[in-house]
Amino acid sequence: MNKFVKSALAASALAMVTATGVAAEGEKYILVSHAPDSDSWWNTIKNGIALAGEQMGVEVEYRNPPTGDLADMARIIDQAAASGPNGIITTLADPDILEGPIKAAVDSGIDVIIMNTGTPEKAREIGALMYVGQPEYDAGLAAGQRAKADGIGSFLCVNHYIVQPSSQERCQGFADGLGVELGEQMIDAGQDPAEIKNRVLAYLSANPETDAVLTLGPTSADPTILALQENGMAGDIYFGTFDLGGEIVKGIKDGTIQWGIDQQPFLQAYLPVVVLANYHRYGVLPGNNINSGPGFVTADGLTKIEEFAGEYR
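Residues numbered from 1 in each chain as written. Predicted model: local features only at pLDDT ≥ 70, side-chain atom pairs only at ≥ 80, totals over all residues. Heavy atoms only, no water.

**Student:** Just checking my understanding: could you explain the environment of Tyr312 for this structure?
**Tutor:** On the secondary structure map, Tyr312 appears in the segment after α12 (303-308). Separated by 222 residues in sequence, Tyr312 and Thr90 have C-alpha atoms that sit 19 Å apart. Excluding its chain neighbours within four sequence positions, the residues that come into contact with Tyr312 are Thr44, Asn47, Leu51 and Phe266. (Helix = DSSP H or I, 4+ residues; strand = E, 2+ residues; numbered from the N terminus. Contact = heavy atoms within 4.5 Å.)

Below is the structure:
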């Protein structure tokens, strides 16, 4: 089916929804993330919510704290709730800071879905409809078990967002999968690419027997690729990463990275809009939380991922 026909059908479907009155007038959903403006990985989230809004015929909006400050995010959630949307989709990056404003939104009558960061248990505690995302500890555990089967016994976890509990769960799960203590194998890499690169180089220089490197997304993976190219370890040291991005896909393709863990961020933004819209229109709701990941991406399955990396994958 060519793109013109697809567009025509989509436009026709949207017109039918509007004409039959299925879409409630003024339906609006706001997605609030913890991501700073500098984190390009979230572009896929933005694309997911935009496409869902277009297909469902609803208004959608993406909001975030420009620097990633969680106190600022809490204020954004309060502001989003005060604007009276039909639903809020939000990450739960730090329960201590964010539970209050999220629960206040729920108590005011706004339907909430937790996505990307959080847990099904926390979502239930604060009264959210569900959690859509990847169980981070389980993903790290699966990655560690895979690495152990490949002969790995020690590693460096490059944590670029150490204040977020779920990032630590990834590193801890990996260590548990290997059957080793995490200890000082996890470093606080910060957000600055040059600093991340330097810290990776420094750690590997001080710990030359390190078997593997684990990064937690493009923010830490991209500078780590540069570090390994600089010290001559690219393609020689075992390298796994969470999440996908353009440079990560290239690294998997050229053998620098053994695998990437895909949590499918597109679905984390797209599905909540679809779920909320259908819940408000028809009263239907999935009976459980939705796991969007994990899935391992290797060089054998890159065709679609390479085509849409950074856009829908």
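**Student:** So what exactly am I meant to see when it comes to the sheet that holds strand β9 (residues 238-242) here?
**Tutor:** Pairing between sheet strands relies on hydrogen bonds along the backbone, with the strands arranged either parallel or antiparallel. Taken in spatial order, the 6 strands make up an open sheet running β7-β6-β8-β9-β10-β12, and their pairing is mixed. Since the sheet does not close on itself, it has two edges, and those belong to β7 (186-188) and β12 (295-297), each with one partner. Between one strand and the next, the sheet's axes are offset by a mean angle of 20°, whatever the strand orientation. Relative to β9, helix α6 (residues 136-149) is tilted by about 165°, and along the sheet it contacts β9, β10 (259-262) and β12. (Pairing = 2+ DSSP bridges. Axes fitted to C-alpha atoms, helices over the stretch in contact; angles between N-to-C directions.)

**Student:** Please clarify how the packing of aromatic side chains should be interpreted in this entry.
**Tutor:** How two aromatic rings sit relative to each other is set out by the distance from centre to centre and by the angle between their planes. Across all of its chains, the model carries 7 aromatic pairs by this definition. An angle of 85° between the planes, with centres 5.4 Å apart, marks the rings of Trp259 and Phe296 as edge-to-face. Of this pair, Trp259 sits in strand β10 while Phe296 is found in strand β12, placing the two residues 37 residues apart along the sequence. Put simply, the rings of Phe266, Tyr270, Phe308 and Tyr312 touch in pairs and so form one group of aromatic residues. The positively charged end of Arg146 is found above the aromatic ring belonging to Phe296, 4.7 Å away from the centroid. (Phe/Tyr/Trp six-rings, centres within 6.5 Å; stacked < 30°, edge-to-face > 60°. Lys NZ or Arg CZ within 6 Å of the ring centre and 35° of its normal.)

**Student:** How do you make sense of empty space enclosed by the protein when you look at a structure like this?
**Tutor:** The probe, sized like a water molecule, is rolled over the atoms to show the empty space still left. Under the counting rule described, the total for this entry stands at 1 cavity of 30 Å³ or more. Here the largest cavity defines a volume of roughly 280 Å³. Contributing to the lining of the largest cavity are 22 residues, with His34, His160, Gln164, Leu216 and Asp243 lying nearest its centre. Mapped by element, the contributors of at least two residues to the lining of the largest cavity are α7 (165-178) and α9 (218-231). Here the lining of the largest cavity takes 3 residues from α7, the largest share from any one element. (1 Å grid on protein atoms, 1.4 Å probe; cavity = no way out; pocket = protein on both sides within 12 Å on 5 of 7 lines; lining within 4 Å. Points joined across faces, edges and corners; volume = space filled by probe spheres on them.)

**Student:** Please explain helix α8 (residues 193-206) as it appears in this structure.
**Tutor:** Working note: α-helix, 3.6 residues per turn, so residues spaced by three or four point in the same direction. The end-to-end C-alpha distance of α8, which contains 14 residues, comes to 20 Å, matching closely the 20 Å that a straight helix rising 1.5 Å per residue would cover. Looking at the buried positions of α8, the neighbouring elements they touch are β6 (155-159), β7, β8 (212-215) and α9. (Expected span 1.5 Å × (residues − 1).)

**Student:** Before we go on, may I ask you to explain the environment of Ala50 in this structure?
**Tutor:** One can find Ala50 in helix α2 (residues 43-56). Taking relative accessible area as the criterion, Ala50 reaches 42% and is therefore assigned partly exposed. Counting along the chain gives 223 residues from Ala50 to Val273, while the straight-line C-alpha distance between them is 9.5 Å. (Buried < 20%, exposed > 50% of the residue type's maximum accessible area, 1.4 Å probe, protein only.)

**Student:** Would you mind going over the packing of α6 against α7 with me for this structure?
**Tutor:** With their axes 6 Å apart at the nearest point, α6 and α7 run at an angle of 35° to one another. Crossing of α6 over α7 shows right-handed handedness. Here Glu136, Tyr137, Gly140, Leu141, Ala143, Gly144, Gln145, Ala147 and Lys148 of α6 come into contact with α7, specifically with Ser166, Glu169, Arg170, Gln172, Gly173, Phe174, Asp176, Gly177 and Leu178. When its residues are assigned to classes, the contact of α6 with α7 shows 6 nonpolar, 7 polar and 5 charged. (Left-handed = near helix turned anticlockwise from the far one by under 90°. Nonpolar A, V, L, I, M, F, W, Y, C, P; charged D, E, K, R; others polar.)

**Student:** Would you mind showing me how to read the environment of Ala104 here?
**Tutor:** Note that Ala104 resides in helix α4 (residues 95-107). Remark: the alpha-carbon pair of Ala104 and Gly127, spanning 23 residues in sequence, is separated by 9.9 Å.

**Student:** Please explain the pattern of salt bridges as it appears in this structure.
**Tutor:** Two side chains with opposite charge may pair up if their charged atoms get near one another. Scanning the model with the defined rule gives 15 salt bridges in all. Among the salt bridges present, the one from Arg313 reaches Asp262, with a minimum N-O distance of 2.6 Å. Of this pair, Arg313 sits in the segment after α12 while Asp262 sits in strand β10, and the two are 51 residues apart along the sequence. Residue classification places Arg313 among the partly exposed positions, given a relative accessible area of 23%. With a relative accessible area of 4%, Asp262 lands in the buried category. In the salt-bridge network here, residues are joined through shared partners; they are Lys28, Glu59, Glu61 and Arg63. (Salt bridge = Lys/Arg side-chain N within 4 Å of Asp/Glu carboxyl O.)

**Student:** Would you take a moment to explain unusual backbone geometry for this structure?
**Tutor:** Among all residues except glycine, the phi angle is most often negative; among peptide bonds, the trans geometry is most common. In this model, Gly293 is joined to Pro294 through a cis peptide bond whose omega is 10°. When you line up the elements, Pro294 lands in the loop between β11 (290-291) and β12. At Asn116, a position not held by glycine, the phi torsion is positive, near 70°. By the secondary structure assignment, Asn116 is in the loop between β4 (111-115) and α5 (120-125). Relative accessible area serves as the criterion here: at 4%, Asn116 is assigned to the buried category. Within the chain, Gln264 stands out as a residue other than glycine whose phi angle is a positive 55°. Among the structural elements, Gln264 can be located in the loop between β10 and α11 (265-282).

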